[in-house]
Amino acid sequence: MDLRIAEQCVFVIGADKPTLVTFNSINRINFAPRKPPLRMKSKLKIYNSYTREKEEFVPQIEGHVGLYVCGPTVYSDVHLGNVRTFSTFDMVYRYLRFLGYKVRYVRNITDVGHLVGDGDEGEDKIAKKAKLENLEPMEIVQKYTNGFHDVMRIFNVLNPSIEPTATGHIVEQIEMIEEIIANGFAYVSNGSVYFDVRKFSEKYPYGKLSGRVIDDLISNTRDLDGQDEKRDSLDFALWKKAEPQHLMQWNSPWGKGFPGWHLECSVMSTKYLGKTFDIHGGGMDLKFPHHECEIAQNIGATGEAPVRYWMHGNMLTVNGRKMAKSEGNGFTPEELITGNHKLLDKGYSPMTVRFFFMTGHYTSTIDFSNEALQAAEKGYRRMMAARKLLEQLKPSETSAYNFQHLAEQCAEAMNDDFNTPILIAHLFDAVKAINSANDGKLSLTANDIEELKNIFDSYCIEVMGLQWEEEQGNDQLADGLMQVILDLRASAKGNKDYATSDKIRDALAAMQIEIKDTKEGATWEVKSN
Ligand code: AMP
Ligand code: ZN
């Protein structure tokens, strides 16, 4: 995918047909610096997928939060489903910062060990792609990591504090395996190392996060092929022996091989955030086996549960089915922007899509449809228009509006497990009030207007990560084009190329556009008949 075009361009929302403009020519509204958040009455509660309860969030160390999110496996272009999950946790990261926490946000890059089919057998996804594209595995990793970063930038997803790679932490992964073996929860078999789930479950719970019962798991996996190295079909690989032709392999105490997929997250999260840390996030589809195995590995190594709050973002679906590469229903951000995909009626701007994501709670699925995206486009436009109106409203002496109530409602929504749809509903109540004020039906003082600006910018820009894109009206477009033409004419005149300068003047005159040469330069106007 070549995202260079997409990176520099965006479609102006509101045009009947999407209009492609460069980022430089988008008019951005200038905003005053935002004030710190208003004092909040409510406290942040998070739905902990481990306990299945909404719990008050109390960080391990006051004022600080450790946040880990499973990053992409960089073997293919990112699709919009992936973007939803990363936007969800970007919103979580932004809100924690907005609350004043100092957040260390670790989001990894999976560049080895994730096998086709997500199990212990089969080809490494990256090695497979390297063979297919006839490139070095690290070229594949670089190519798709760059692509991932481009997409994150387009969707205004902030960079994490640390972005570690699995291949950069092979030594630490070997060390963790040794600890797990030493504690009796793993065994070596034919050059590979497996986690002993039965042994582990005699002492610690296994399956709690994903709600699986060990005996059911056994009956489901008993007959799988290629598991003869394992003592039990439930066991999973910590280290896999590599065949000589395998493209990615490292020396280890058990011979040449590569780490299992789940291990990297156990290692990199705790290396940078501590044995136990605050929040671990990822898509719902990672609960099992990935996160279940992560928990077992960390406890197997240290005896301590790694995560205090587990958060899982729900899936973006298409006609009720998870958007996925393998389903053939996943479109890339580039296809989304250009509208060049069979599922898309037209192109949509990245901010429309980000707004669309925020209209659903992160724990609910969101189903993609053109109707839903068009509704989001309309809603986002209404919100932007109201924000723009705040710059133009004439203040009244008296106030008939309670902005404090709005601020409290917004905070309450976000504190209730990051409830962005409710937040948006409250902001739309404010949109109504702003429009009434514009119609002279509601009084807003200068202070009300300032506070409303602060609330909109705080929650829309800082928390939900939206960017205001001002609609580029035809007048502005005409102004810009005329300036280009007048500059060309001036430079022709400067070169004494009067034939060209006259030609430009005559051609414009034929379109009823009159040019006047003044001391300050040329001006233009449309002649009325
Ligand atoms: P992957 O690169 O496949 O490991 O996926 C990266 C992230 O995207 C993971 O957190 C997945 O849970 C998430 N993801 C994959 N498909 C979807 C989807 N359709 N909707 C939301 N998130 C998804
Ligand atoms: Zn992970």
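As a reminder, the structure under discussion sits directly above these lines.
So, how was this worked out
- Residues numbered from 1 in each chain as written.
- Chains lettered and ligands numbered in written order.
- Predicted model: local features only at pLDDT ≥ 70, side-chain atom pairs only at ≥ 80, totals over all residues.
- Heavy atoms only, no water.
- Pairing = 2+ DSSP bridges.
- Helix = DSSP H or I, 4+ residues; strand = E, 2+ residues; numbered from the N terminus.
- Contact = heavy atoms within 4.5 Å.
- Axes fitted to C-alpha atoms, helices over the stretch in contact; angles between N-to-C directions.
- Near = heavy atom within 4 Å.
- Polar contact = N/O pair within 3.5 Å; in protein donor to acceptor, adjacent residues only side chain to side chain.
- Areas by Shrake-Rupley, 256 points an atom, 1.4 Å probe, with all protein chains shown as cover.
- Nonpolar A, V, L, I, M, F, W, Y, C, P; charged D, E, K, R; others polar.
- Donors = N, O, S within 2.8 Å, 3.2 Å for Na, K, Ca; no water.
- Buried < 20%, exposed > 50% of the residue type's maximum accessible area, 1.4 Å probe, protein only.

What am I meant to see in the sheet that holds strand E13 (residues 316-318) here?
Think of a sheet as strands paired side by side through backbone hydrogen bonds, with each pair either parallel or antiparallel. The three strands are arranged E14-E13-E15 in an open sheet whose pairing can be described as mixed. If you trace the sheet from one side to the other, it starts and ends with strand E14 (321-322) and strand E15 (366-368), each paired once. As paired elements, E13 and E14 share two bridges and run antiparallel to each other. Paired with Val-318 across the bridge in E14 is Arg-321. Where helix H11 (residues 350-358) meets the sheet, it contacts E13 and E15, and its direction lies at approximately 145 degrees from that of E15.

What exactly am I supposed to notice about the site of ligand 1 here?
Around ligand 1 sit 15 residues in total, of which Gly-81, Thr-85, Asp-285, Leu-316 and Met-323 are the nearest. Separating an oxygen atom of ligand 1 from a side-chain N or O atom of Asn-82 is a distance of 3.0 Å. Contacts to ligand 1 include Met-323, whose backbone N or O atom sits 2.8 Å from a nitrogen atom. In the complex, the protein chains occlude 92% of the 490 Å² of accessible area that ligand 1 would expose alone. Of the residues contributing to the shell around ligand 1, the split by class is six nonpolar, seven polar and two charged.

Which parts of the structure should I look at to understand the coordination of the zinc ion (ligand 2)?
Each donor-metal-donor angle would ideally measure 109.5 degrees in four-coordinate tetrahedral geometry, or 90 or 180 degrees in six-coordinate octahedral geometry. The coordination sphere of the zinc ion (ligand 2) contains the protein donors Cys-70 (SG), Cys-265 (SG) and His-290 (NE2), at a distance range of 2.0 to 2.2 Å. One chain supplies every donor to the zinc ion (ligand 2), and in sequence these donors are spaced C-x194-C-x24-H. Linking Cys-70 in the loop between strand E5 (64-69) and helix H2 (80-98) with His-290 in helix H9 (residues 287-302), this pair joins segments that are 220 residues apart in sequence. The exposure class assigned to Cys-70 is buried, which follows from its relative accessible area of 5%. The class of His-290 is buried, set by a relative accessible area of 1%.

How do you make sense of the sheet that holds strand E6 (residues 102-107) when you look at a structure like this?
Here four strands make up an open sheet; going across it, the order is E6-E5-E11-E12 and the pairing parallel. What marks the edges here is a single partner per strand, and that holds for E6 and strand E12 (307-313). Averaged over neighbouring strand pairs, the angle between their axes works out to 20 degrees when direction is ignored. Of the strand pairs in this sheet, E5 and E6 are connected by six bridges, and their pairing is parallel. Residue pairing across strands places Gly-66 opposite Arg-104, the latter belonging to E6. The sheet strands contacting H2 are E5, E6, strand E11 (277-283) and E12, and the helix crosses E6 at an angle near 160 degrees.

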